[in-house]
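Residue-level listing of the chains:
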Amino acid sequence: MTTESYRPRRSVLYVPASNDKALAKIPSLACDAVVIDLEDAVASADKLSAREKLAAIFAGRSSRRCEMVVRINALSSEWGADDLLAAAKCQPDAILLPKVDTPRDILEAGDVLDDNFAPDEVKLWAMIETPKALLNIGPIAELGRDPASRLVCFVAGTNDLVKDTGILATPDRRYLVPWLMQMVLAARAGGLDLLDGVFNDFREMDGFARECTEAAAMGFDGKSLIHPAQIEAANRAFAPSPEAMAEARAVKEAFALAGNAGKAVIALNGKMVERLHLAQAEKLLAKAAVIGA
């Protein structure tokens, strides 16, 4: 991800395609992205009718300021192939692929989009939610360096990882953290954005806010959400703090001084500051400008 192409993804809300009441609220939401869900949030009996709603959902997308994504069912399922075609026709900002195991899963989905003349602007997001995906995460992430793959974002599927591995889901996520950090490394190596998994108890706002703060500290770009009540806390946690912005401005102003022109290293408030810190400061300030922080 470059500063020029930065799209905030601090808060990414799942909305079931089968829930008309929730769909109607989308234009009023302050989240950065909405995932119209055809997978986990939709019962098997409602899969076909949910898919049929996609065209109407996206017909009014011009009134929605947030990024619009469709999560399809796994391509290995009985619904996945038709979901992908239906989603492609709607030309969403991205299609979220669940149960990704290998780079081939991304490439095959991309081939379908290419064969059906989906614009290049239709990107792919990938759920990292299986043990096999974690074992193959390096090669999967490397696709992010190839624009032809369309891959731009990873989404941690923490519930599925807990289920498939049998680890204990503790409030501090101690057994998940090593895998979450593995995702961070892979995403950064591939130039991808990365979203943390959902927090299941939407009434427990203190725990949710704490998990957002920890995820931001780990390097995640945002969090996937299951309820609109979680949007504000996520937006706050994944935005630059006032302290970080003040420090970034100080670094930028210090390097702009005539006496520091051309210097690779300067002293600022008793600390050594390098040009790499200037690049970090400029990136942070540019992001803050985009989200209006």
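Keep in mind that this is a model prediction, so the values were computed, not measured.

## Some points on the packing of aromatic side chains
Thought 1: Scanning the entire structure with this criterion turns up one aromatic pair.
Thought 2: With a centroid separation of 5.9 Å and 70° between ring planes, the pair formed by Phe-199 and Phe-208 is classed as edge-to-face.
Thought 3: What makes Phe-199 buried here is its relative accessible area of 14%.
Thought 4: Here the guanidinium or amino end of Lys-47 rests over the ring plane of Trp-79, the centre of that ring lying 5.2 Å away.
Thought 5: For Arg-203, the ring lying beneath its charged end belongs to Phe-202, and the centroid distance is 6.0 Å.

## Overview of the packing of helix H4 (residues 80-90) against helix H5 (residues 103-115)
Thought 1: As a packed pair, H4 and H5 sit with axes 10 Å apart at the nearest point and diverge in direction by 50°. Put simply, H4 runs oblique to H5. H5 is crossed by H4, and the crossing has right-handed handedness. Note on element contacts: H5 touches H4 through Ala-109, Val-112 and Leu-113, opposite Leu-84, Leu-85 and Ala-88.
Thought 2: Of the residues that constitute the contact of H4 with H5, the class distribution is six nonpolar, no polar and no charged.

## Considering the pattern of salt bridges
Thought 1: Enumeration over the complete set of coordinates arrives at 23 salt bridges.
Thought 2: One salt bridge connects Arg-9 with Asp-193, and the closest N-O pair in it is separated by 2.9 Å. Within this pair, whereas Arg-9 is found in the segment before strand E1 (11-16), its partner Asp-193 is found in strand E7 (residues 193-196), the two being separated by 184 residues in sequence.
Thought 3: A relative accessible area of 9% means that Arg-9 is categorised as buried.
Thought 4: Residue class for Asp-193 comes out buried when judged on its relative accessible area of 3%.
Thought 5: Between Asp-172 and Arg-174 there is a salt bridge whose closest N-O contact spans 3.2 Å.

## With respect to the pairing of strand E10 (residues 271-274)
Thought 1: Direction of pairing for strand E9 (residues 265-268) relative to E10: antiparallel, over a ladder of four bridges. Within the sheet, the bridge partner assigned to Ala-267 lies in E10 and is Met-272.
Thought 2: Linking E9 back to E10 in an antiparallel pair, the connection comprises two residues, with Asn-269 at a positive phi of about 55°.

## Here's the deal with the pairing of E7
Thought 1: Of the two faces of E7, the one lined by Asp-193 and Leu-195 and the one lined by Leu-194 and Asp-196 are each fully buried.
Thought 2: Note: strand E6 (residues 151-156) against E7, three bridges, orientation parallel. Across the sheet, residue Phe-154 finds its bridge partner in E7, namely Leu-194.
Thought 3: Of the strand pairs in this sheet, E7 and strand E8 (residues 222-225) are connected by two bridges, and their pairing is parallel. Bridge pairing in E8 links Leu-195 to Gly-222.
Thought 4: A crossover links E7 with its parallel partner E8, the connecting element being helix H10 (residues 205-218), and its sense is right-handed.

## Regarding the sheet that holds strand E4 (residues 94-97)
Thought 1: Spatially, E1-E2-E3-E4-E5-E6-E7-E8 is the arrangement adopted by the eight strands of the closed barrel, whose pairing is parallel. In this sheet, adjacent strand axes meet at a mean angle of 25° when their direction is disregarded.
Thought 2: Against the sheet, H10 makes contact with E7 and E8, and its axis sits at roughly 145° relative to E8, the strand it touches most.

Parameters and conventions
Residues numbered from 1 in each chain as written. Predicted model: local features only at pLDDT ≥ 70, side-chain atom pairs only at ≥ 80, totals over all residues. Heavy atoms only, no water. Phe/Tyr/Trp six-rings, centres within 6.5 Å; stacked < 30°, edge-to-face > 60°. Buried < 20%, exposed > 50% of the residue type's maximum accessible area, 1.4 Å probe, protein only. Lys NZ or Arg CZ within 6 Å of the ring centre and 35° of its normal. Axes fitted to C-alpha atoms, helices over the stretch in contact; angles between N-to-C directions. Helix = DSSP H or I, 4+ residues; strand = E, 2+ residues; numbered from the N terminus. Parallel < 35°, antiparallel > 145°, perpendicular 65-115°, else oblique. Left-handed = near helix turned anticlockwise from the far one by under 90°. Contact = heavy atoms within 4.5 Å. Nonpolar A, V, L, I, M, F, W, Y, C, P; charged D, E, K, R; others polar. Salt bridge = Lys/Arg side-chain N within 4 Å of Asp/Glu carboxyl O. Pairing = 2+ DSSP bridges. Right-handed = clockwise from strand over helix to strand, strands pointing away.

Purely spatial values, then, with no claim about function.
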